[in-house]
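# Coordinate analysis (summary)
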Amino acid sequence: MSPDQPLVLGIETSCDETGIGIVRGTTLLADAVASSVDEHARFGGVVPEVASRAHLEAMVPTIHRACADAGIALRDVDAVAVTAGPGLAGALLVGVAAAKALALALELPIYGVNHLAAHVAVDQLQHGPLPEPTVALLVSGGHSSLLLVRDVTCDVTPLGATIDDAAGEAFDKVARVLGLPFPGGPYIDRSAADGEVVIDFPRGLSSTRDLQRHRFDFSFSGLKTAVARWVEAREATGEPVPVADVAASFQEAVVDVLTRKALDACAESGVEHLVVGGGVAANSRLREMAQERCDSAGVELRVPRPALCTDNGAMVAALGAELVSRGRVPGLLDLPADSSMPVTDVTAGVR
Ligand code: KG4
Ligand code: ZN
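Conventions we followed
- Residues numbered from 1 in each chain as written.
- Chains lettered and ligands numbered in written order.
- Predicted model: local features only at pLDDT ≥ 70, side-chain atom pairs only at ≥ 80, totals over all residues.
- Heavy atoms only, no water.
- Domains from an automatic or database assignment.
- Contact = heavy atoms within 4.5 Å.
- Buried area = accessible area lost by both parts, 1.4 Å probe.
- Salt bridge = Lys/Arg side-chain N within 4 Å of Asp/Glu carboxyl O.
- Polar contact = N/O pair within 3.5 Å; in protein donor to acceptor, adjacent residues only side chain to side chain.
- Helix = DSSP H or I, 4+ residues; strand = E, 2+ residues; numbered from the N terminus.
- Pairing = 2+ DSSP bridges.
- Axes fitted to C-alpha atoms, helices over the stretch in contact; angles between N-to-C directions.
- Donors = N, O, S within 2.8 Å, 3.2 Å for Na, K, Ca; no water.
- Tetrahedral: all angles 85-135°; square planar, octahedral: opposite > 155°, others 65-115°.
- Buried < 20%, exposed > 50% of the residue type's maximum accessible area, 1.4 Å probe, protein only.

### Thoughts on the domain arrangement of the chain
Split by domain assignment, the chain resolves into domain 1 (7-122 + 312-348) and domain 2 (131-304). For domain 1 and domain 2, the distance between their C-alpha centres works out to 27 Å. With 22 residues of domain 1 in contact, the opposing surface of domain 2 contributes 20 residues. For the pair domain 1 and domain 2, the summed buried surface comes to about 1,600 Å²; carbon and sulfur atoms form 72% of the total. Counting every contact that joins domain 1 to domain 2 gives three salt bridges. With its nearest N and O atoms 2.7 Å apart, the salt bridge here joins Arg326 to Asp151. One can count five residue pairs in polar contact (both at pLDDT 80 or more) joining domain 1 with domain 2. The dominant element in the side of domain 1 that touches domain 2, judged by the number of residues it contributes, is helix α4 (residues 115-121), at six residues.

### Quick word on the sheet that holds strand β10 (residues 300-302)
Across the sheet, which stays open at both edges, the five strands sit in the order β8-β7-β6-β9-β10 with mixed pairing between neighbours. Taken across any chain shown, the strands that pair with only one partner, and hence form the sheet edges, are β8 (155-161) and β10. Across the sheet, the mean angle separating the axes of adjacent strands is 25° when strand polarity is ignored. Where helix α10 (residues 243-269) meets the sheet, it contacts β6 (134-139), β7 (144-151), β8 and β9 (273-277), and its direction lies at approximately 160° from that of β6.

### Observations regarding the coordination of the zinc ion (ligand 2)
Binding of the zinc ion (ligand 2) to the protein goes through His115 (NE2), His119 (NE2), His143 (NE2) and Asp311 (OD), at separations of 2.1 to 2.7 Å. Bound by four donor atoms, the zinc ion (ligand 2) shows angles of 87 to 164° at the metal and therefore irregular coordination geometry. Counting residues between consecutive donors of the zinc ion (ligand 2) along the chain gives the motif H-x3-H-x23-H-x167-D. Here His115 is found in helix α4, whereas its partner His143 is found in the loop between β6 and β7, with 28 residues between them in sequence. Exposure class is identical for His115 and His143. Each is buried.

Here it is, written out as structure tokens:
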């Protein structure tokens, strides 16, 4: 680790995780996360006002924890990076306000960054410099996107996205139908391990006709409804619902579509690298099938460890450090929090 490399503090508050990461160059020094997920569990989804309040309460203690973990003082930091969007408006505002306060008080450059590009950049902390171009598959509770990344600091092209539910949202909703706790992804993953793929659930936007208009888009709402109808029909017979088999069959349908479209995107773009990120990247079957299909297509697969896949501050710091290293212009102190920030904008508030 060279002391010449920029020391960057990253702040993430786009959803329900208050993340503070500290990175020097591509070396991770601290990744402190305070999650409000338990406060949302009884609602079955993230409640924006509850998330914003939790960010406010967690911000200062989490910054202190990250600095202590990294063994640095705030005055050592060279730049501040913060998620400017996309995400929940009120939640983003808390992070952006905190970043501006730090930048102003410590006289530091500030980078307002795109959450999706940060999910891609984080891989550098584990696997070294990002190969470019790369295709990225980002799957979480809030987003499901396929991106072509030519330069993670300034050239990100959307290839496709979900047209209804995000992949993680589908996991969460199906878990609810099966009586599993929130957030449902990990519970479906575990339950599926005891089941078998015996039900042929639909693969969204995969018919020849759909592929003409939605080659790299996803749809999980029809699948979710198909699972609910199947469970209702089984309950009507009075027989027990085979939860593990339904979980395995549902998971297989999601993972099949995600990995097939991701590999098709690599083939069509002539790209030999695939990065997978977002909370759903923790899914064991997704990792397995992605590896199998990448191996047979000659594509190098990179999936960061689960703690780096879910929302965290390290990903924001990683992208911030890359922006500093590549000499990108920082944002102005009035940079906005933009809940619907387009994926093509890697940074915000640069004039
Ligand atoms: O990236 P993340 O922490 O937060 C955002 O939504 O941005 O992702 C959380 C999502 C939830 O929907 C959760 O159910 C899903 O990731 N998830 C999983 C697994 N672990 C987390 N989905 C499937 N399998 C898993 N093992
Ligand atoms: Zn995310």
